[in-house]
Amino acid sequence: MKVSSKGEYALRALILLGNHKGKVLGIQEISEKTLVSINYLEQILLQLKKLGYVVSKRGAKGGYSLYREPEDINIGEVIRDLEGPLSPMSCASITKYEPCPLEGGCQLKPLWSLVRDTIAFVLERTTLEDLLKNQITKLEGEDFVVVKRTSRPAGDGQNR
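Rules behind the numbers
Residues numbered from 1 in each chain as written. Predicted model: local features only at pLDDT ≥ 70, side-chain atom pairs only at ≥ 80, totals over all residues. Heavy atoms only, no water. Helix = DSSP H or I, 4+ residues; strand = E, 2+ residues; numbered from the N terminus. Buried < 20%, exposed > 50% of the residue type's maximum accessible area, 1.4 Å probe, protein only. Contact = heavy atoms within 4.5 Å. Salt bridge = Lys/Arg side-chain N within 4 Å of Asp/Glu carboxyl O. Phe/Tyr/Trp six-rings, centres within 6.5 Å; stacked < 30°, edge-to-face > 60°. Polar contact = N/O pair within 3.5 Å; in protein donor to acceptor, adjacent residues only side chain to side chain. Arc of directions from axis to C-beta. Expected span 1.5 Å × (residues − 1). Core = buried A, V, L, I, M, F, W, Y, C linked by side-chain atoms within 4.5 Å.

1. With respect to the side chain of Arg-116
Next, step 1: Assignment of secondary structure puts Arg-116 in helix H5 (residues 109–124).
Next, step 2: Look at Arg-116 and you get buried, because its relative accessible area is 14%.
Next, step 3: Aside from chain neighbours lying at most four places away, what touches Arg-116 is Leu-86, Ser-87, Pro-88, Ala-92, Ser-93 and Ile-94.

This is the structure we're talking about:
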């Protein structure tokens with residue numbers, strides 16, 4: 001999975017609007033504060049509007065504001081809506097699965113599935129409110145162990 005500029009800029013705009021909750025911000029101000037060109041930002045905000053994340057107001061004092069509460073905006077959902085599946089490979093995707101001719105004996109698919117699950121684990125548990133409150137922390141502990149080795153890896157400095 002790679003987050004494109006569209007996904008990053010959309011999150012920047014949502015954060016800015018979330019920091020000004022209840023206010024309507026003009027496209028010029030959003031552009032200046034997110035460092036996104038007005039033309040590109042208009043496309044992104046239109047898509048966010050169609051997806052129900054923001055609303056727009058026309059007129060001299062028009063602009064954009066959040067439609068949903070920050071705690072109701074799930075970052076995993078936003079990324080999926082804008083970027084598509086979280087899986088790095090289509091053979092490991094849950095929402096856009098595409099079979100591969102090598103899949104039957106593929107030893108890579110478990111890795112791609114683990115990557116997908118790990119990304120989803122973090123993004124699905126993150127809301128816009130978490131970002132606004134700077135509540136993103138490093139996950140630690142047994143719940144986040146992603147690889148368990150049953151033997152020492154080759155080249156670990158020990159002779160066998």
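Next comes the rest of the account.
2. Focus: the pattern of salt bridges
Once their charged atoms are close, side chains differing in charge can pair, the charge on each being opposite to the other.
Next, step 1: Throughout the structure, instances matching the rule amount to seven salt bridges.
Next, step 2: Across the salt bridge formed by Glu-129 and Lys-133, the nearest N and O atoms sit 3.1 Å from each other.
Next, step 3: Of the residues examined, Glu-129 reaches a relative accessible area of 24% and is grouped as partly exposed.

3. So, the packing of aromatic side chains
Next, step 1: Within this structure, the stated rule accounts for one aromatic pair.
Next, step 2: Relative to Tyr-40, the ring of Tyr-9 lies with its centre 5.7 Å away and its plane at 80°, an arrangement referred to as edge-to-face. Taken together, the positions of Tyr-9 in helix H1 (residues 5–19) and Tyr-40 in helix H3 (residues 38–50) put the pair 31 residues apart, joining distant regions of the chain.
Next, step 3: Under the relative-accessibility criterion, Tyr-40 is labelled partly exposed at 25%.

4. A closer look at the side chain of Thr-34
Next, step 1: On the secondary structure map, Thr-34 appears in helix H2 (residues 27–34).
Next, step 2: For Thr-34, the side chain forms a polar contact with the main-chain oxygen of Ile-30, separated by 2.6 Å.
Next, step 3: In this structure Thr-34 touches Arg-12, Ala-13, Leu-16 and Leu-41, once residues within four positions along its chain are discounted.

5. Overview of H2
Next, step 1: Turning to H2, its buried residues number three or more, namely Ile-27, Ile-30, Ser-31 and Thr-34. The buried residues of H2 occupy an angular sector of 100° when the element is viewed end-on, so they sit on one face.
Next, step 2: Structurally, H2 contributes buried residues whose contacts are with H1, H3 and strand E2 (63–66).
Next, step 3: The positive-phi residue at the C-terminal boundary of H2 is Leu-35, with phi of around 60°.

6. Structural notes on H3
Next, step 1: Taking 1.5 Å per residue as the helical rise, H3 with its 13 residues ought to reach 18 Å, and the 18 Å between its terminal C-alpha atoms agrees with that figure.
Next, step 2: Against H1, H2, strand E1 (54–57), E2 and helix H4 (75–83) lie the buried residues of H3.
Next, step 3: One or two positions beyond H3, positive phi appears at Gly-52, with a value near 85°.

7. Observations concerning the environment of Lys-57
Next, step 1: Turning to its location among the elements, Lys-57 is positioned in strand E1.
Next, step 2: Once the C-alpha coordinates of Lys-57 and Gly-26 are considered, the two residues, 31 residues apart in sequence, prove to be 9.2 Å apart.
Next, step 3: Among all residues touching Lys-57, those that are not within four sequence positions of it are Val-24, Gly-62 and Gly-63.

8. A short note on the nonpolar core
Next, step 1: In this structure, Leu-14, Ile-30, Leu-45, Leu-48 and Val-54 are the most contacted members of the largest nonpolar core, which totals 28 residues.
Next, step 2: Only H1, H2, H3, E2, H4 and H5 provide two or more residues apiece to this core.
Next, step 3: Filtering out sequence-adjacent residues up to four positions away, Leu-48 remains in contact with Ala-10, Leu-14, Tyr-53, Val-54 and Leu-82.

Worth remembering: the numbers are spatial, not functional.
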